[in-house]
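Observations on the three-dimensional arrangement
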Amino acid sequence: MASSSSNVASAPASEPVRAQLQGAEADALITSTDPEHPANLICELCRDFYTLGWVTGTGGGISIRHGKHVYLAPSGVQKERIKPEHIFVLPFAQSSVPKPGSQRDFLRIPTRVGLKESACTPLFWNAFTLRSAGACIHTHSQHAVLLTLLLGKSAKSFRISHQEMIKGVRLGGSGKTLRFFDTLEVPIIENTADEEDLTEGMAKAMEEYPNAAAILVRRHGVYIWGNTWEQAKIQAECLDYLFEMGCKMIQAGLPLVGDD
Ligand SMILES: CSCCC(=O)C(=O)COP(=O)(O)O
Ligand SMILES: [Zn+2]
């Protein structure tokens, strides 16, 4: 991996090219003093997620859909170090799911030379198109990964009930919040050699489990979405808590469903 893509701090800058290729419109999409602007938020949230162990070692991240655009971090970079000028912006209105790299000319600015969009782009797109999500989070949380291992190879989903934190999770990720007596179910799909090859499996699981608020990927992590970045974050926190609880309950020999 080139040093420019392994550490965003060393991404090359090129002022003459910048003048040619970076128009005011392009600048406006990623430059804002508003901390709630998606380009600023993604950087802040990635730092927070890093401290939780969700996006260490470059993997994982968050994408936010804002109006006609989708904001994404670069691939293979230290997510806790990205700056707004490294954020990619893709048009949301398009017929097909974008493959990383395919949209590179949409908003090319020199701070992104040597960088490409997150490999999770087509998976984030599943959440935007199949659930009308406003944000999608991908974590490599050890709670998610260990849970998929403790449940065993044949487990197609994680089910849990009678936990207060279930009430922070929404039906299908974007509907009404679940209630204490509801059973939460999160499908599990098998990992693939490359992130983007998970796209079809994730879409299939989302269709088979319309009430699921997330998709676990065995030995890899989880994709979680919400109507807004705030809702996606709340659900990611509640689900991660439930994944951790699930691991501990399995290890303690306690049933996950029921109140025995
Ligand atoms: C050690 S990360 C392996 C690739 C991965 O799982 C991932 O989520 C990559 O995301 P990126 O945004 O860096 O393309
Ligand atoms: Zn990943």
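Residues numbered from 1 in each chain as written. Chains lettered and ligands numbered in written order. Predicted model: local features only at pLDDT ≥ 70, side-chain atom pairs only at ≥ 80, totals over all residues. Heavy atoms only, no water.

Spelled out, the test is: UniProt positions are given in the numbering used here, feature names are shortened, and annotations may be inferred rather than shown by experiment.
Going by what an unreviewed UniProt entry lists, the protein is known as Methylthioribulose-1-phosphate dehydratase and is assigned to Dioszegia hungarica. Quoted verbatim from the Function (unreviewed entry) heading of the UniProt record, the comment on the protein is "Catalyzes the dehydration of methylthioribulose-1-phosphate (MTRu-1-P) into 2,3-diketo-5-methylthiopentyl-1-phosphate (DK-MTP-1-P)."

Some points on the coordination of the zinc ion (ligand 2)
Stated formally: Each metal's donors comprise the N, O and S atoms found within 2.8 Å of it (within 3.2 Å for Na, K or Ca). Water is not part of the atom list, so some coordination spheres may appear incomplete. A four-donor site is classed as tetrahedral when every donor-metal-donor angle falls between 85 and 135 degrees; four donors are called square planar, and six octahedral, when trans pairs exceed 155 degrees and all remaining angles lie between 65 and 115, with any other arrangement labelled irregular. Each helix is a run of H or I in the DSSP string that is no shorter than four residues. Each strand is a run of E no shorter than two, and both are numbered from the N terminus. The buried label goes to any residue with under 20% of its type's maximum accessible area, the exposed label to any with over 50%, and the partly exposed label to all in between, with areas taken from a 1.4 Å probe on protein chains only.
Those protein atoms acting as donors to the zinc ion (ligand 2) are His-138 (NE2), His-140 (NE2), Glu-195 (OE) and His-220 (NE2), and they sit at 2.0 to 2.7 Å. What the six donor atoms of the zinc ion (ligand 2) show is an angle range of 64 to 172° at the metal, which sorts the shape as irregular. Mapped onto the polypeptide sequence, the residues donating to the zinc ion (ligand 2) form the spacing pattern H-x1-H-x54-E-x24-H. With His-138 in strand β4 (residues 135-139) and His-220 in the loop between β7 (214-217) and β8 (221-226), this residue pair connects regions lying 82 residues apart in the sequence. With respect to burial, His-138 and His-220 carry one shared label: buried.

Details of the environment of Glu-190
The test is simple: Throughout, a residue-residue contact means that at least one pair of heavy atoms, one from each residue, lies within 4.5 Å. Polar contact criterion, stated in full: a pair of N or O atoms within 3.5 Å, where within protein one must be able to donate a hydrogen and the other to accept it, and residues adjacent in sequence count only if both atoms are side-chain atoms.
Along the chain, the position of Glu-190 falls in the loop between β6 (184-189) and α7 (199-208). Between the C-alpha atoms of Glu-190 and His-220, which are 30 residues apart in sequence, the distance is 8.8 Å. Setting aside chain neighbours within four positions, we find Glu-190 in contact with Lys-153, Leu-198, Val-217 and Arg-218. Only 2.6 Å separates the side chain of Glu-190 from the side chain of Arg-218, close enough to count as a polar contact.

A closer look at the site of ligand 1
Basically, it comes down to this: If even one non-hydrogen atom of a residue comes within 4 Å of a molecule or strand, that residue is called near it. Computed with the Shrake-Rupley method and a 1.4 Å probe, the accessible areas treat only the protein chains shown as cover for residues. Here a cavity denotes a set of grid points, spaced 1 Å apart and computed over the protein atoms alone, in which a 1.4 Å probe fits but from which it cannot get out, and a pocket denotes an open set meeting protein on both sides within 12 Å along at least five of seven lines; residues with an atom within 4 Å of a point are reported as lining. Put plainly, a molecule is in a cavity or pocket when over half of its atoms are within 2 Å of the grid points there. Polarity classes work like this: nonpolar for Ala, Val, Leu, Ile, Met, Phe, Trp, Tyr, Cys and Pro, charged for Asp, Glu, Lys and Arg, and polar for all others, with Gly in that last group.
Within the structure, ligand 1 sits among 14 residues, and Ser-75, Gly-76, Ser-118, Ala-119 and Glu-195 are positioned closest to it. In this structure, an oxygen atom belonging to ligand 1 sits 2.8 Å away from a side-chain N or O atom of Lys-79. Isolated, ligand 1 exposes 400 Å² of accessible area, and the fraction of that covered by the protein chains is 73%. Of all the cavities here, the one that holds ligand 1 is the largest pocket. For the shell around ligand 1, the class distribution of residues is two nonpolar, 10 polar and two charged.

Quick word on helix α8 (residues 229-251)
Put simply, the rule is: Here the expected span of a helix is defined as 1.5 Å times the quantity of residues minus one.
Here α8 spans 33 Å end to end across 23 residues, near enough to the 33 Å set by a 1.5 Å rise per residue. Gly-253 lies just past α8 and shows a positive phi near 75°.

A word on the UniProt feature "binding site: substrate" (unreviewed entry) in the protein
Residues given the UniProt feature "binding site: substrate" (unreviewed entry) here are Cys-120. Among residues more than four places away in sequence, those in contact with Cys-120 are His-138, Glu-195 and Tyr-223.

Some points on the nonpolar core
This is how the line gets drawn: To qualify as a nonpolar core, a set must consist of buried Ala, Val, Leu, Ile, Met, Phe, Trp, Tyr and Cys residues joined through side-chain atoms within 4.5 Å.
Of all hydrophobic cores here, the largest spans 69 residues; its most connected members are Ile-42, Leu-184, Leu-216 and Phe-243. Here this core gets nine residues from one element, more than from any other, and that element is α8.

Comments concerning the packing of aromatic side chains
Definition in use: Stacked, edge-to-face and tilted are the three classes for Phe, Tyr and Trp ring pairs, Trp counted by its six-membered ring, which pair at centre distances within 6.5 Å; planes under 30 degrees apart are stacked, over 60 edge-to-face, the rest tilted. Whether a charge sits over a ring depends on NZ of Lys or CZ of Arg being within 6 Å of the ring centre and within 35 degrees of the ring normal.
Under the criterion given, the structure shown has seven aromatic pairs. Ring geometry for Phe-158 against Phe-243: centres 5.8 Å apart, planes inclined by 70°, an arrangement best described as edge-to-face. Placement of the pair is Phe-158 in strand β5 (residues 157-160) and Phe-243 in helix α8, with a sequence separation of 85 residues. The two residues Phe-158 and Phe-243 agree in class, both being buried. Ring geometry for Phe-180 versus Phe-181: centroids 5.0 Å apart, planes at 80°, classification edge-to-face. You can call Phe-180 partly exposed: its relative accessible area is 29%. Relative accessible area serves as the criterion here: at 65%, Phe-181 is assigned to the exposed category. An aromatic cluster of three or more residues is present, and its members are Phe-92, Trp-125 and Phe-128. The aromatic ring of Phe-92 is capped on one face by Arg-65, whose charged end is 4.8 Å from the ring centroid.

Considering the pattern of salt bridges
Between side chains of opposite charge, pairing is possible as soon as their charged atoms come close. Going by this rule: In the sections that follow, a salt bridge refers to a side-chain nitrogen of Lys or Arg positioned within 4 Å of a carboxyl oxygen of Asp or Glu.
Across all of its chains, the model carries seven salt bridges by this definition. Note that Arg-179 is salt-bridged to Asp-182, the shortest N-O span being 3.7 Å.

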